[in-house]
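Here is how the chains run, residue by residue.
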Protein chains: 2
Amino acid sequence: MSKERVLLAHGSGGKLSEELIRRVFVPAFGNPALNRMDDSAVLDGYRMAASSGAPQLIESAILARGPAGARPSVGRLALTTDCHVVKPLFFDGGDIGRLAVCGTVNDLAMVGATPLYLAAGFVLEEGLPMETLERVVASMRAAAEEAGVQIAAGDTKVVEQGKADGLFITTTGVGIVPEGIDLSGSNARPGDVVLLSGPIGDHGIAVLSRREGLEFGVPVASDVAPLNHLVAVLLEASPGLRAMRDPTRGGLATTLNELAAQSRVAIQVEEGRVPVRASVRAACEMLGYDPLYVANEGKLVAIVPPDEAERALAALRGTRYGEGAEMIGSVLPGPPGRVLMRTRIGGTRVVQMLMGEMLPRIC
Amino acid sequence: MSKERVLLAHGSGGKLSEELIRRVFVPAFGNPALNRMDDSAVLDGYRMAASSGAPQLIESAILARGPAGARPSVGRLALTTDCHVVKPLFFDGGDIGRLAVCGTVNDLAMVGATPLYLAAGFVLEEGLPMETLERVVASMRAAAEEAGVQIAAGDTKVVEQGKADGLFITTTGVGIVPEGIDLSGSNARPGDVVLLSGPIGDHGIAVLSRREGLEFGVPVASDVAPLNHLVAVLLEASPGLRAMRDPTRGGLATTLNELAAQSRVAIQVEEGRVPVRASVRAACEMLGYDPLYVANEGKLVAIVPPDEAERALAALRGTRYGEGAEMIGSVLPGPPGRVLMRTRIGGTRVVQMLMGEMLPRIC
């Protein structure tokens, strides 16, 4: 144990990431918010309430780039942080800047929080072209405007050439969880329906093909997008919504395993209902990947009560980033923590969490 | 301009850092909070209020490791973020973990905020001994307990060997600024008194001597410490307190220049009153450094109205981390933005901001 070293797989988002958290971080930092292991910590110590008066008016003029009226007036504080080390920095459909904003906005949205403020920390490698930094920052600005959040704090450090890889961005998000919303990966119940907001694997394949210089028949663009507006629509359509999660590192398979484990239920998914673009499927076959484990950056899984499923699905399909939504499965009483796949040919197989590392530095 | 590249000096905390912020970040992200360029953003959109009821009780059992009763019940949200890339990871008096917690706690404290929650993002280099990570995390926990803050959210990414340097930590802090407190580097007025909480240069010299394997006659330990309890005492003693800032990267000289520029005043400092340990002075002479530019991680500069100066000084001296506090100078009407030093032999010289990079990766 004293000779153990950090492996790439510890950053995979899969089994070894979970072990690292449970073994190193939870024992040291353990507290109710962190222990829940949701995408954001929802903190009970303070309530937030929209202020009135002049400063609020000035600030909300900036904040109001998102849909009007979407900002709750009272709620709890949500906090989340994400490091971004994607390689390469630019890829079809996005770049590290858009990723850094959307990843954090989405982690807030997954607990039902309305994202308010971001903080961004940059570690730059000496020699990075200034123009690269400017492009990334412009992309962050555009994504922040789309999401309707304000980048309110930042820091920059520079390390010697060869001591980083271009740039890394850590984005932290603060949001407000409106009164009455209490979502958690531990809320799924037998009978619930599992929704997926669109086809999987786009982000991972887009990044990988750019990194390796691969050409597929049809180019694949990353799905990286802020999901907070879609989530607002979903919350409206499904007041009984149990949980949401975005299947990033580790892919859909890992996310479903996390949800099943947290809620101590089984989740059964119909293979034929999980949307995968033909181009992504072809790329995965060529590379020997299973799309279930490939990262997404603009998709979510939602678990809803059965009587709200149709309405929730229709609502998702009515949004810009949810057009391809599908009902992909359901929650069973057990075996707890198990994810099962009913295959196209009628069999059933167990879907594991991601073991090892498949695609390092995908986000 | 299109061929310009990022230099180590862009991370110095001095002139080039300021230019990078003004040229790249402010135009893109510019908003009232960021534009103030204080150590933390203080956000006017929402008020925070301590909640009552069971969840609060559970959480405050964890939070209450700091001094009892120090947590304000109502206030504005403060947000700050800091990347930590110090090299080496361990040095006399501290390590990157203690630095990551204290740096962020102190940035909150400098705007008068009571630190509440931290988020920590780790970028790990493949091959890092797990034991190193465990030591760093244990140190973060101890520092968080000392400061009375909760580490509520986290993330870990791993990059290939040779693509980072051991580990980087980005810490983001959320705090509450009590009603009635409005501190900013732009508040200094002619006649105000400048206080410094203790001797300067300890952190920079401690890190440098460990990095370079230098031995000085007397070993120098970093001053890295959480200043929030000291700040609470100071706020109590000086209700008219104008501004505080911790002289980290760029040292005391850069901090005074920032304060003079933000407030459009001059600051005059008495060389003989600026405390520097003999060991630090000796090390600086050997290395050709001016202690005024060497980083501190457990010191603050406070600007107070003249009639509160004596009381504020006495209060500082009564705290654990303020024993060596001194009155080092005063605020003059102009020339605006100018920092002047009255030397021991009776002359006056201009003290510039840090130009270029003196000690890369000092925090």
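Residues numbered from 1 in each chain as written. Chains lettered and ligands numbered in written order. Predicted model: local features only at pLDDT ≥ 70, side-chain atom pairs only at ≥ 80, totals over all residues. Heavy atoms only, no water.

Colleague: Describe in detail the pattern of salt bridges, supporting the description with residues and values.
Modeller: For the coordinates displayed, the defined rule picks out 54 salt bridges over all chains. Between A:E4 and A:R23 there is a salt bridge; the shortest N-O distance is 3.2 Å. Here A:E4 is found in the segment before helix 1 (15-29), whereas its partner A:R23 is found in helix 1, with 19 residues between them in sequence. In this structure A:E4 comes out as partly exposed when scored by relative accessible area, which is 26%. A salt bridge links B:R210 to B:D92; the nearest nitrogen and oxygen atoms lie 3.1 Å apart. Of this pair, B:R210 sits in helix 6 (residues 202-212) while B:D92 sits in the loop between strand 3 (90-91) and strand 4 (94-95); the two residues are 118 residues apart in sequence, bridging distant segments of the chain. Several salt bridges share partner residues, and in doing so they unite A:D38, A:D39, A:R245 and A:E258 into one network. (Salt bridge = Lys/Arg side-chain N within 4 Å of Asp/Glu carboxyl O. Helix = DSSP H or I, 4+ residues; strand = E, 2+ residues; numbered from the N terminus. Buried < 20%, exposed > 50% of the residue type's maximum accessible area, 1.4 Å probe, protein only.)

Colleague: So what's going on with the sheet that holds strand 6 (residues 150-159) of chain B? Residues and values would help.
Modeller: Taken in spatial order, the 10 strands of this open sheet run 6(A)-5(A)-7(A)-2(A)-1(A)-1(B)-2(B)-7(B)-5(B)-6(B), and their pairing is mixed. The open sheet has two free edges, formed respectively by strand 6 (150-159) of chain A together with strand 6 of chain B, since each of these has just one partner strand. Taken pair by pair, the neighbouring strands of this sheet meet at an average axis angle of 30°, ignoring direction. (Pairing = 2+ DSSP bridges. Axes fitted to C-alpha atoms, helices over the stretch in contact; angles between N-to-C directions.)

Colleague: Explain the state of the cysteines to me, and be specific about the residues and the numbers.
Modeller: Residue and element names in this part refer to chain B. Inspection of the entire model under this criterion finds 0 disulfides over all chains. C102 takes part in no disulfide bond, and the closest cysteine sulfur to it belongs to C363, at a distance of 12 Å. The thiol sulfur of C363 is not disulfide-bonded, and the nearest other cysteine sulfur, from C83, lies at 9.7 Å. (Disulfide = S-S within 2.5 Å.)

Colleague: Before we move on, can you summarise the domain arrangement of chain A with the specific residues and values?
Modeller: Residue and element names in this part refer to chain A. Per the domain assignment, the segments of chain A are domain 1 (8-52 + 65-178) and domain 2 (193-350). Using only C-alpha atoms to locate each centre, domain 1 and domain 2 end up separated by 21 Å. Contacts between the two partners involve 31 residues from domain 1 and, on the opposite side, 29 residues from domain 2. It is D92, M110 and E146 in domain 1 that bury the most area against domain 2; as a group they hold 24% of the surface buried on that side. Linking domain 1 with domain 2 are 4 salt bridges. Between domain 1 and domain 2 we count 15 residue pairs in polar contact (both at pLDDT 80 or more) in total. Elements with a minimum of two residues in the side of domain 1 that touches domain 2: strand 3 (90-91), helix 4 (96-110) and helix 5 (130-147). Considering only residue class, the side of domain 1 that touches domain 2 consists of 13 nonpolar, 10 polar and 8 charged. (Domains from an automatic or database assignment. Contact = heavy atoms within 4.5 Å. Buried area = accessible area lost by both parts, 1.4 Å probe. Polar contact = N/O pair within 3.5 Å; in protein donor to acceptor, adjacent residues only side chain to side chain. Nonpolar A, V, L, I, M, F, W, Y, C, P; charged D, E, K, R; others polar.)

Colleague: Would you mind going over the relation of the copies chain B and chain A in detail, with residue names and values included?
Modeller: In this structure, two copies of a chain are linked by a rotation about an axis accompanied by a shift along it. The transformation that overlays chain B on chain A combines an axial shift of 0.0 Å with a rotation of 180°, and the residual RMSD is 0.0 Å. Read as a symmetry element, the transformation amounts to a two-fold axis. (Least-squares fit on C-alpha atoms with pLDDT ≥ 70 in both.)

Colleague: Lay out the interface of chain B and chain A with the relevant residues and their values.
Modeller: Taken residue by residue, the interface counts 90 residues in chain B and 90 residues in chain A. The largest per-residue losses of area from chain B upon contact with chain A belong to B:V6, B:Y46 and B:M130, which jointly make up 10% of the total buried on that side. Counting across the chain B and chain A interface gives 10 salt bridges. Residue B:R23 is joined to A:E134 by a salt bridge in which the shortest nitrogen-to-oxygen separation is 3.1 Å. Connecting chain B to chain A are 32 residue pairs in polar contact (both at pLDDT 80 or more). Both strand 1 (residues 41-50) of chain A and strand 1 (residues 41-50) of chain B contribute to a ladder of 5 bridges, which runs antiparallel.

Colleague: Explain the packing of helix 4 of chain A against helix 5 of chain A to me, and be specific about the residues and the numbers.
Modeller: Each pair of packed helices can be described by the angle between their axes along with the distance between the axes. Residue and element names in this part refer to chain A. Running from amino to carboxyl end, helix 4 crosses helix 5 at an angle of 30°, the nearest separation of the two axes being 7 Å. Classified by the angle their axes make, helix 4 and helix 5 are roughly parallel. When the axes of helix 4 and helix 5 are compared, the crossing they make is right-handed. In contact with I96, G97, R98, V101, C102 and V105 of helix 4, helix 5 contributes V136, S139, M140, A143, A144, E146 and A147. Of the residues assigned to the contact of helix 4 with helix 5, the class counts are 9 nonpolar, 2 polar and 2 charged. (Parallel < 35°, antiparallel > 145°, perpendicular 65-115°, else oblique. Left-handed = near helix turned anticlockwise from the far one by under 90°.)

Colleague: I'd love a proper account of the layout of surface pockets, names of residues and values included.
Modeller: Size it by volume and the second largest pocket reaches roughly 950 Å³. Lining of the second largest pocket is provided by 43 residues; of these, A:I21, A:D38, A:D39, B:G154 and B:D155 occupy positions nearest its centre. For the lining of the second largest pocket, the secondary structure elements donating two or more residues are helix 1, helix 2 (32-35), strand 2 (74-84), helix 4 and helix 8 (251-263) of chain A together with strand 5 (114-125) and strand 6 of chain B. The element best represented in the lining of the second largest pocket is strand 6 of chain B, accounting for 7 residues. Residue composition of the lining of the second largest pocket, by class: 16 nonpolar, 14 polar and 13 charged. (1 Å grid on protein atoms, 1.4 Å probe; cavity = no way out; pocket = protein on both sides within 12 Å on 5 of 7 lines; lining within 4 Å. Points joined across faces, edges and corners; volume = space filled by probe spheres on them.)

Colleague: For the pairing of strand 13 (residues 339-342) of chain B, give the residues involved together with the corresponding values.
Modeller: Residue and element names in this part refer to chain B. Where strand 10 (residues 266-270) lies against strand 13, 4 bridges are found, and the strand directions are parallel. By the bridge assignment, V269 is partnered in strand 13 with M341. Bridge analysis of strand 13 against strand 14 (residues 348-350) gives 3 bridges, and the strand direction is antiparallel. By the bridge assignment for strand 14, M341 is matched with R349.

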